[in-house]
Structure formats: structure tokens, C-alpha cells
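Observations on the model geometry
What follows is each chain in one-letter form.
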Amino acid sequence: MTSRAMPAFLPDGSVQVPAFTLPVSDLVSEEAAAMQRLRATLPAFDAAGQEADIALRRAQINAYMAPQIERLRADFAVTVVRRQIGGIGVLDVTPADGGHDPERVLINLHGGAFCVGWDGVAMVEAIPIASLGRIRVVSVDYRMAPQHRHPAAVEDVAAVYRALLAQYDARHIGIYGGSAGGALTAQAAAWLVAHDLPQAGAIGILGAGAVPFGAGDSAYLAGYTDASFPPPPADGSTPIDITQGYFAGCDARDPGAWPGWHLDVLARFPPALILTGTRAMDLSPAIFTHSQLIKAGVRSSLIVGEGMGHCYHYQIGLPEGRDAIDAIIGFFREYLA
């Protein structure tokens, strides 16, 4: 009988995990399995890249997203208008034929670690939702690091939201975002009611939670099973700040930045959809946020994609990605009714 390596449980509660090979899950689609196999032939994508020139890093991300945007524009006919709403730049995305719901709108908050993502990631997040959901999507060009610090981004979101209240009932406004945009969505839900604005009708916290990235088990696990983001340093030193200092000087339990710690703040949240994956570094923050929302008495729905990584809903070519988009659209149709 072949002996197997066993984990070592240490007195401080930590676990030394032996090296092992994680196969492709037998629960994923063949398309997702094929993508997993393809990764062996592709250069690694460092989502936490620390390029010193932020303008160059933003251009790199947009170049990386460009082929995907081209495919989305070919598959989904939308009209994209650049304008200002509430003094903030936005992409105003609607179905090309104009046949969208006139009484409802979604505000999109793009991903990109609070320092990149405009407008490449914004386009990827907005186009399929607008087209398939037959709804107007307003993607916000919020202020980012390293030039700006929290709460600059959520102030910009609130400015757009306040302006849209002149056209829409708050109950018919939804807010959603992926990665940093998911965390910012949670911040927006906390910010609105704290500043005497009516709460949105529903929110989508996608690829994120309402507590910091890096919290919990999943940052360690995904660091080695997905590798899009580095795991926390083994020596206990300070992790890389992928936000380029956006939260510098912000208390780690600040309810405006990380409302997931505060049940009294969460109790004022609208219905929430939380999406993550079993190989995503945001899995722990997402699960914790979902549990906290339920504890606070808020309607929360959690989707965990088997074998999926960070923000897998961006991969609409996968059955899992398309299912996630359909679920997001269905959620807002239900709760913005």
C-alpha cells in the first residue's frame, strides 16, 4: 500500500499542506475543462501586476481585454455612448435596437483592483448584461489609485446614482460590479443610506465580498490552484497591495470601506446576489459576506461556480459564464420589479 503525505497541524492552528496535484473537476463543462488544459500552453496572467507606470499598466489591461471586447461587440449588438452623469464620466450602454426597459437601470462598477480597468473591463461587464437583459447599463468611470484614495470611488458612484434618481425610482436602480467593482458595490450600498439617499433596489457583488480581498482561507488556496493573484507571503510579511494604495490610511474595519464586518450596516442593504468560484481568491470574502447578510436579515443569494476562478462570469463563452450572466439578469429582473 502506497503511503500518502499527511498535513501537519501546528499548535498555532495553522496547517502545513503537502504538495498535491489538483485535477480538473469532473463537475465542470467540457468547455471549461478544455480551458483548464489550455492554460498549460499560455503565458501566466498576473492580475496583480505591479507596473510602476500606472498609465502603462492601464493600457496593458485594456490591450489584454481588447480581443474579448471585439468578440462581445460582434455577438451582442449594443450602443455605447460616452457621456457625463452627475458630473462623472460614464459609458451608457443599451441594446442597439433601443428596446430596453425604460423604467429600470443598472449601474456597473468595473473591476481592476481600484487602479485599472477603465474602460476595458467596464465594457466586458456591461455589454452582455445590457444586450441579454434588455436594460440600460451605466458604467462609472470612478476615481482610482494611485492618484486617489477611498472614498473617492464611492463618492463618484453616489454622484451618478443621485443624478439617476431624477429619472428612476430607487427601487428600480440596481448596482453591480466584479472584483474591485464588487467590493465597491458593497461600499455603495453602505454609503447611500449613510448619506441620506434611498437604498438601491438590489445589488450584485460579483467576484468579491464586503470584506478585504485576502481575508480568509481562499487567498492561500487560490494562490496555488489558480495563480491569478499571489498567495499571502509564507513568512507573514505584508502582502502586495494590489490596489496601489487606494485604502492607505483606512481602518481595516471601517464600515464605509468594509461593511461586511458590521451587521447594523448590512441590515440596511437591499437584496444581494454574491458570485464566486471554488478556485477564486474571493471565495472566503464572498461566503462570509453572504453569511453576514443572512445574519443581518437581508435577502442574499450565493452562487459558487465549481472549478471556477476569479470573476468567471466574464467568460461568457463558457457554459458556466453564460449561466452566471443569466442568473445575474434574472436576479435583477426579480428584485427590481
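Figured I'd write up the structure that's included with this text. (Residues numbered from 1 in each chain as written. Predicted model: local features only at pLDDT ≥ 70, side-chain atom pairs only at ≥ 80, totals over all residues. Heavy atoms only, no water.)

What to know about the overall build of the protein chain
Spelled out, the test is: What counts as a helix is a DSSP run of H or I of at least four residues, what counts as a strand is a run of E of at least two, and both are numbered from the N terminus. Partly exposed describes any residue whose relative accessible area lies between the buried limit of under 20% and the exposed limit of over 50%, with all areas from a 1.4 Å probe on protein chains only and scaled to the type maximum. What makes two residues a contact is simply this: any of their non-hydrogen atoms within 4.5 Å. Exposure was quantified through the Shrake-Rupley algorithm and a 1.4 Å probe, taking into account, for residues, occlusion by the shown protein chains and nothing else.
Within the protein chain, the regular secondary structure consists of nine helices and ten strands. Reported as C-alpha extents along the three principal axes, the dimensions of the protein chain are approximately 70 × 45 × 40 Å. Looking at the protein chain as a whole, 52% of its 337 residues qualify as buried. Considering only contacts within the protein chain whose residues lie at least 6 apart along the sequence, 75% involve residues at least 24 apart. Summed over its atoms, the accessible surface of the protein chain is roughly 15300 Å², and 55% of this surface lies on carbon and sulfur atoms.

Points about the packing of aromatic side chains
Using the following cut-off: Two rings from Phe, Tyr or Trp (for Trp, the six-membered ring) form a pair when their centres sit within 6.5 Å of each other. Planes less than 30 degrees apart are called stacked, planes more than 60 degrees apart edge-to-face, and all others tilted. Only Lys NZ and Arg CZ are tested; either one counts as a charge over a ring when it is within 6 Å of the ring centre and within 35 degrees of the ring normal.
Overall, the coordinates contain eight aromatic pairs when judged by the stated rule. The interplanar angle of 55° and the centroid separation of 6.2 Å between the aromatic rings of Y176 and F332 together place this pair among those described as tilted. Residue Y176 is found in strand β7 (residues 173-178), and its partner F332 is found in helix α9 (residues 319-335); the two are separated by 156 residues along the sequence. You'll find Y176 and F332 in the same group, each marked buried. With centroids separated by 4.8 Å and ring planes inclined at 90°, the aromatic side chains of Y246 and F247 adopt a geometry described as edge-to-face. Just as Y246 is buried, F247 falls in that class too. Here a set of aromatic residues connected by ring pairs shows up, and it is made of F114, Y246, F247 and W258. Geometry around W261 places R253 over its ring, the cationic atom sitting 3.7 Å from the centre.

Looking at the sheet that holds strand β5 (residues 105-109)
Condition: For two strands to pair, DSSP has to find at least two bridges joining them. Helix axes are fitted to C-alpha atoms over the stretch in contact, other axes to C-alpha atoms as well, and angles between N-to-C directions run from 0 to 180 degrees.
An order of β3-β4-β6-β5-β7-β8-β9-β10 is seen for the eight strands of this open sheet, with the pairing classed as mixed. What marks the edges here is a single partner per strand, and that holds for β3 (78-85) and β10 (300-305). Looking at each pair of strands side by side, their axes are set apart by 20° on average, direction ignored. Taken together, the four bridges between β5 and strand β6 (residues 136-140) define a ladder with parallel strand orientation. By the bridge assignment for β6, L106 is matched with V137. Most of the contacts of helix α3 (residues 120-133) go to strand β4 (residues 88-95), to which it runs at about 35°, and overall it touches β3, β4, β5, β6 and β7.

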